[in-house]
Each structure stands twice: as C-alpha cells, then as structure tokens.
Amino acid sequence: MAFNDLHIVTVKKNIDEVKRFLSISLSISNAHTVDFYTRDVWSTFISVSPEDVLCAISSTQDSTGALEEKENTTFGFCNASKKLLDISALLRAAKAHCLPGLGVCMQLEELMHNLRLMCGDTAAGQSSNKVLAPDEFMNWKKAHEVQAMSEVVASLAKCCRVKQVIDVGSGKGYLCSYLSMRYNLQVFGIDSSSTNTHGAHERNRKLKKFSKSYQQHRFIENHCVQSNDESKEHYNESDGSKNCITKEGVEAQTESSALSQQVSSDLLASNNAAECPLDNSDADAGSSFLSLLALDVIEDVFPRVHPSQLSVEEREKRKRENLERKAREGKRKDSNSSLFSPLTSYVTAETELKTLITELEDAVLVGLHTCGDLASSSLRMFRAKQELRAVCSVGCCYHLLSEEFDQDRAGCTRDDMCGFPMSQYLKDQACFCGRNARMSACLALERVSAGGGLPMESLFYRAVLHVILQDHYDCFKSEKRVGNVYSKATSFVDYVRRALRKLDLDESKLSDGDIQSYHDRYTPRMNEMVAFNMLKVTLAPCIEGLILLDRLCYLKEQENVSHAALVQLFDPLQSPRCYAVVGIKKSTD
C-alpha cells in the first residue's frame with residue numbers, strides 16, 4: 001500500500017525556497033544580542049522604527065496575502081543597503097517559509113492512517129487494555145509528548161512486525177516505561193548519564209509495582225458484583241447503597257492508592273529536575289541570549305556528556321552498571337518481568353548496538369527530544385544498521401548542533417559526523433546557519449505569540465553591561481563568564497557589581513551613580529532590543545524548518561529507506577519542539 005509522503009524533488013524545492021529567504025534575513029538571527037549597543041545592531045540592520053516593527057508584529061491584520069515586493073527590495077530588505085525596510089513583507093515571507101506555510105508536514109492523523117493501511121490492520125497502534133494514564137505520573141507537558149509519540153512508535157513496530165524499541169537519549173525513561181507497559185514492547189533505553197539510567201530503573205520498578213496493583217484493583221472492581229465466600233457486604237449509611245469489598249480488594253485498593261501517591265510524587269519531582277536549565281557558566285557572547293530566556297519560551301535542554309569528559313570514577317561506574325544489567329538479563333527467566341532495560345552509553349552513528357544489547361532483534365529506533373548532534377547521529381544509525389526497521393526522531397537543542405561548514409566549529413572532528421547539514425544536497429551547497437541563528441531557532445513563536453513574552457530586562461542588563469566593559473575594562477571575552485547573575489540582582493547597579501566581582505574586576509573604578517547613568521542612558525533605547533528580538537522569534541520557525549528539511553532530505557537520499565516524512569506530533573504551545581522525522585526501511589522480504 002502506498003505511503004503518501006513527499007517526493008525528494010519536492011523536498012529539495014522547499015529547501016531552496018527556505019534557503020533563499022534565510023540568505024536575506026539570517027543576518028538578523030545571527031546578530032549578537034550582547035553586542036546590541038556596542039555595535040549599534042539596530043541601525044546596522046533596520047531602517048524602520050522599533051514602534052513600527054512592534055506594531056506590525058502585534059497587528060491582527062491578515063499577513064497571508066501574496067508576497068508583493070516593493071521596488072528594489074527582497075523579502076522587505078533593501079537590495080542595496082541590506083537593511084529591513086518593509087516589516088509587513090518580512091512577516092509575510094517568514095510565515096510562508098516555515099513548515100506549516102510550506103505545507104510539507106504530514107498530519108498525525110494521515111500518518112496513523114497510512115500506517116494502518118500498510119500493516120492491514122485498522123487497529124494498529126491501539127491498545128485494548130489501558131494500563132496507566134501518563135498524566136498520573138508525569139507533568140502535563142511530558143504526558144502529552146509520551147502519549148502522542150508512543151502511539152506512533154507502537155504503530156511503526158506493528159507495521160514492521162517488531163517487538164523491540166531502542167530509545168536513544170532516553171533520559172528518565174518516561175517514554176520507555178509507557179511503551180513497555182501499555183504496548184508490551186521490549187524497550188532498551190540508552191542514555192549517556194548514569195544518573196538518568198539509575199532514575200529510570202527506580203521509576204520503572206515503581207511503575208510496574210503500581211501497574212500490577214492497578215490491574216488487580218480494576219479486576220476486583222469489575223467482578224465486585226459477584227458474591228463469594230470471602231465477601232463482606234455492607235451498606236453506605238448515607239444512601240443505603242450496597243458495596244462489595246473482599247479482603248483482597250481492600251488490600252489492593254490500599255496498596256494502589258498509596259503507590260499512586262508515592263509514584264506520582266516521585267515522578268513529578270524527578271520530572272521537574274529533568275527540565276535542565278541552560279548552563280550559564282560557559283555561555284559566550286552569543287549563547288547569553290539563549291541562556292537568559294525564560295524556560296517557557298524555549299525548549300527543554302538535555303545535554304549529553306561525552307565519555308572523554310567523564311571522570312575515571314564515572315567511567316568505571318558506567319561499566320559496572322552495564323555489566324550488572326547484562327548479568328540480570330542472563331538470569332531473567334520471565335521475559336515479561338522486565339520489558340524496559342535502561343543502560344548507560346554515549347551513542348554515536350558508529351555505536352555497535354549488538355555490543356550494548358546482546359539480545360538485539362529487529363527494532364524501531366526512537367528519540368524524544370534528542371539533544372543537538374544526537375538527533376543527527378540517530379538518523380545516521382538508522383540508515384547504517386539493518387536491524388533498525390523504522391525511526392521516529394524528535395530533536396531539540398539546535399544551538400548544540402555542530403556544523404560542517406563552521407570554520408570555528410568544536411566537537412565535530414569528521415565532516416560526515418557533524419549535525420548539520422546531513423543531506424548531500426545541502427553539503428554540496430556548503431550550507432551554513434551559524435550558532436546565533438541556531439540559538440534563535442530554539443525560541444518558541446507560538447508561546448511568545450500566546451503571551452509568553454521574552455525576559456527583556458535581563459537581556460537589556462547584559463547588553464548595557466557589555467557597554468560598561470567596553471568603556472572601562474579591557475575584557476570583552478571575559479564577559480562570557482558572567483553567568484546568570486540577573487536572578488540574584490536587586491537592581492541594575494547590584495547586577496553590574498555582582499558581574500564585576502564574578503569577573504574579578506575592580507568595581508571601585510565605578511560609583512553607583514556612574515553605573516546608574518548607563519542604565520538611564522540606554523533605557524530609552526530598550527524598545528529597539530524588544531523589537532529586534534521579536535524579529536528573531538519570528539524567524540525562528542524558518543531556521544528550524546531548514547534543519548528539519550535537511551534531515552528529511554537525508555532520509556530521502558538513502559536507498560534502503562522506503563518512506564520518510566515530517567510529522568507534527570505535539571501541540572507547539574505544550575511542546576515547542578513538536579516535529580518528528582519518521583522513516584521506514586524497505587522490506588527485507
């Protein structure tokens with residue numbers, strides 16, 4: 001049965017359109033917010049007033065009209081000066097060059113319909129015996145993600161006739177536990193953090209214990225109307241209704257309730273802990289923009305730790321844990337006793353899965369918000385490993401991607417292992433985004449549009465601090481070690497003094513009045529920064545779209561991949577990184 005996905009020619013055409021738009025507008029996204037005043041960023045890139053920009057962005061007028069260009073402009077930018085002249089034209093172009101505007105994404109309902117047709121089963125991906133509702137054990141965001149993704153993964157497994165799932169970057173194991181318990185799939189969760197792996201072990205143990213009690217409780221409830229010798233009947237004194245309670249039922253109810261409260265509390269606590277804040281300690285002049293953004297307008301961050309960065313003790317601990325896991329697997333007699341197996345390893349495209357998973361069979365490869373290059377590595381792994389029959393990958397943390405054509409790149413020693421670009425089509429064009437642009441791609445337009453807002457005061461403080469450093473201290477590069485002192489500061493003066501102390505600079509050179517004068521001087525220009533960063537937010541979906549189209553094109557280029565599509569899995573208000581790259585291998589039959 002045909003899978004209604006895009007032809008590679010169409011994908012390349014859309015890549016060309018987005019790339020052309022970004023070739024004009026990417027200069028805004030790549031501008032350093034920290035340098036906003038020291039380099040007079042507004043006057044460099046914009047020829048209209050901040051008020052005009054903010055008015056156009058907040059306007060309720062329809063911006064879906066034809067892309068009419070003013071004379072001597074392209075996408076609203078002056079052809080000669082390269083400055084923005086027509087904000088409305090830019091907004092229309094941005095809307096037309098994001099994934100929804102391009103119309104390249106398959107709807108989730110269409111994907112599920114295609115998968116049901118492919119496997120000839122109208123019930124593919126559906127479970128008749130609901131074991132546990134994810135929102136009992138996870139916060140609303142994680143529950144939304146796990147529930148939506150698990151349905152797709154279960155359908156892929158059914159279509160490919162496999163019973164194993166490999167989750168790379170599995171973190172705390174939310175998706176793994178749910179897939180194993182609800183869909184009876186054998187799931188191997190691989191994460192580079194031993195802390196996450198241990199947490200996943202504990203969580204899965206509690207979930208399984210609760211699940212057994214829950215099933216027992218539901219069985220008793222369903223058969224409560226049947227009398228037996230051990231039953232005790234009593235009447236509710238308030239309404240005279242009859243209840244049937246067995247001794248076993250009372251115990252099951254008590255255990256189920258207690259475990260539900262315990263597990264829910266534990267999981268919510270650890271889930272909140274897993275929402276890793278951005279590491280402000282190593283932020284540079286570019287990353288400071290992202291590090292200061294409120295968590296509700298960016299994605300969750302799950303940084304990986306390469307083995308070379310681990311201590312000797314941590315490496316030895318990781319080896320012991322994996323040996324212990326293999327020993328447990330060897331002793332296991334009942335395969336249903338542990339359908340979820342967390343293990344610790346740093347995964348790359350060249351990782352030999354059979355050395356990690358001795359009982360490896362054909363499987364579906366998944367990744368829920370795989371960080372930076374891990375998303376790219378998982379797609380390369382899918383292509384290279386014959387036993388991986390399908391993939392469902394939702395990436396995140398675009399600012400941590402390595403770029404092949406970044407002359408200052410770090411962490412990517414081989415061109416064929418860099419995170420961007422992946423496709424040969426964009427490699428041949430030496431496509432390059434830039435770190436600041438990729439950081440901008442992490443912004444969540446939908447959340448900002450819904451009133452999430454940007455933490456402009458903290459960004460403003462950082463930019464004005466840079467002016468002070470330029471005027472009084474010869475330490476531009478040192479500024480990147482400021483970190484997040486804003487959250488502790490009570491005023492701008494306090495913020496600057498905290499920053500100077502952290503930089504080991506002589507704060508006695510400036511009086512409080514001197515510091516305050518900088519704040520007063522630049523406050524009237526704060527609206528420039530607000531308007532400029534709103535333009536960055538507007539362009540964010542286009543940069544994300546190029547990265548994801550590159551990954552889709554990569555799969556389309558592979559001879560052993562029969563179907564590939566971009567699918568919006570999540571509500572972007574709940575989960576900003578909402579797009580999945582889905583691929584299916586050609587049948588080996």
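Residues numbered from 1 in each chain as written. Predicted model: local features only at pLDDT ≥ 70, side-chain atom pairs only at ≥ 80, totals over all residues. Heavy atoms only, no water.

Caption draft 1: Region of the structure containing helix 19 (residues 492–502). With respect to burial, helix 19 is a largely interior element, eight of its eleven residues being buried. Those residues of helix 19 lying buried are Phe492, Val493, Asp494, Tyr495, Val496, Arg497, Ala499 and Leu500. Looking at the packing, one finds that the buried side of helix 19 touches helix 18 (456–472) and helix 20 (512–522). Among the residues trailing helix 19, aspartate 504 stands out with phi positive, at a value near 60°. (Buried < 20%, exposed > 50% of the residue type's maximum accessible area, 1.4 Å probe, protein only. Helix = DSSP H or I, 4+ residues; strand = E, 2+ residues; numbered from the N terminus. Contact = heavy atoms within 4.5 Å.)

Caption draft 2: Inspection of the side chain of histidine 369 at higher detail. Residue placement: histidine 369 occurs in strand 8 (residues 363–371). Here arginine 577 takes part through its backbone oxygen, which lies 2.9 Å from a polar atom of the side chain of histidine 369. (Polar contact = N/O pair within 3.5 Å; in protein donor to acceptor, adjacent residues only side chain to side chain.)

Caption draft 3: Region of interest: the pairing of strand 8. In terms of burial, strand 8 is a largely internal element, nine of the nine residues being buried. Taken together, strand 8, helix 14 (residues 373–384) and strand 9 (residues 388–396) form a β-α-β motif whose crossover is right-handed. (Right-handed = clockwise from strand over helix to strand, strands pointing away.)

Caption draft 4: Representation of the packing of helix 18 against helix 19. Viewed as axis vectors pointing N to C, helix 18 and helix 19 meet at an angle of 60°, and their least axial separation amounts to 11 Å. By the criterion of interaxial angle, the relationship of helix 18 to helix 19 is oblique. For helix 18 against helix 19, the interelement crossing comes out right-handed. In this structure, helix 18 uses Tyr461, Arg462, Val464, Leu465, Ile468 and Leu469 to contact helix 19, whose residues at the interface are Phe492, Tyr495, Val496, Ala499 and Leu500. In terms of residue class, the contact of helix 18 with helix 19 is built from ten nonpolar, no polar and one charged. (Axes fitted to C-alpha atoms, helices over the stretch in contact; angles between N-to-C directions. Parallel < 35°, antiparallel > 145°, perpendicular 65-115°, else oblique. Left-handed = near helix turned anticlockwise from the far one by under 90°. Nonpolar A, V, L, I, M, F, W, Y, C, P; charged D, E, K, R; others polar.)

Caption draft 5: The arrangement of helix 7 (residues 140–159) in detail. For helix 7, which comprises 20 residues, the first-to-last C-alpha distance of 29 Å matches the rise-based estimate of 28 Å (1.5 Å per residue) to within 8%. Judged by how many residues are buried, helix 7 sits mostly within the fold: 15 of 20 residues are covered. Arginine 161 sits one or two residues past helix 7 and shows a positive phi near 55°. (Expected span 1.5 Å × (residues − 1).)

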